[in-house]
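# Residue-level structure breakdown
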Amino acid sequence: LIMSTITPHVRWAQRKDKVLFKVDVADVEKDSLVVSLEEQKLTLSCKAGGKNYALELELLHPVVVEESKWQVHGKATEFWLQKKEEQTWSHLNKSKAKLQWLTVDWSRWVDSDEEDENEDLGGFDANSFVRDLPQHFF
């Protein structure tokens, strides 16, 4: 029996120095999450509720892999990617094609001229992120 793979819904926002996004897969099975982050590419796969999920995202601009983090919550996996250069990205993905599974997270969006260094990231606790990721993630 071959199981089909589902592309999960992704909501993103940004700050001048980082990209924030959530991959909406609830109750990810323990040890099933595999994340690979390269300078301009993120791949993710996991299992939840008996279904397989996979995502491959070519990023518009490079990120600093060593300073980027992610954390699994009950309802989503959150990513905090450090931009290599401070700039506003016009979109998240390298391809300008509209991706049905990718939307802007307006609840976390801040205009660059309104940014505050001491902002509330909407429950996004950067300090509790996985800091020392296993080498096979890179």
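Described in the following lines is the structure provided in the data block. (Residues numbered from 1 in each chain as written. Predicted model: local features only at pLDDT ≥ 70, side-chain atom pairs only at ≥ 80, totals over all residues. Heavy atoms only, no water.)

Here the focus is the packing of aromatic side chains. Scanning all chains against the criterion turns up 2 aromatic pairs. Each ring, one from Phe21 and one from Phe79, has its centre 4.9 Å from the other, and the planes form 15 degrees; the classification is stacked. Here Phe21, found in strand S3 (residues 18-24), pairs with Phe79, found in strand S8 (residues 77-83); they are 58 residues apart in sequence, far enough to count as distant. Seen in terms of ring centroids, Trp70 and Phe79 are 5.7 Å apart; in terms of plane orientation they differ by 35 degrees. Their pairing is tilted. The pair Trp70 / Phe79 is uniform in exposure class, with both members buried. Aromatic rings pair up to connect Phe21, Trp70 and Phe79 into one cluster. (Phe/Tyr/Trp six-rings, centres within 6.5 Å; stacked < 30°, edge-to-face > 60°. Helix = DSSP H or I, 4+ residues; strand = E, 2+ residues; numbered from the N terminus. Buried < 20%, exposed > 50% of the residue type's maximum accessible area, 1.4 Å probe, protein only.)

Right, let's talk about the sheet that holds S3 for a bit. Reading across the sheet, the 5 strands line up as S7-S8-S3-S2-S9 and stay open at both edges, with mixed pairing between neighbours. If you trace the sheet from one side to the other, it starts and ends with strand S7 (63-72) and strand S9 (102-104), each paired once. Along the sheet, successive strands turn relative to each other by an average axial angle of 20 degrees, direction set aside. Both strand S2 (residues 9-15) and S3 contribute to a ladder of 7 bridges, which runs antiparallel. In the strand pairing of S3, Trp12 is matched with Phe21. (Pairing = 2+ DSSP bridges. Axes fitted to C-alpha atoms, helices over the stretch in contact; angles between N-to-C directions.)

Attention now moves to the pairing of S8. Each regular strand carries side chains that alternate between the two faces of the sheet. Counting buried residues along S8, 7 of its 7 residues qualify, which places the element largely inside the surrounding structure. By the alternation rule, side chains of S8 split into Thr77, Phe79, Leu81 and Lys83 and Glu78, Trp80 and Gln82, which are all buried. Here S7 folds back onto S8, and the loop between the two strands holds 4 residues.

Turning our eyes to something else, we now look at unusual backbone geometry. Despite not being glycine, Asp27 shows a phi value in the positive range, around 55 degrees. Take Asp27: it is sitting in the loop between S3 and strand S4 (34-38). Under the relative-accessibility criterion, Asp27 is labelled exposed at 58%.

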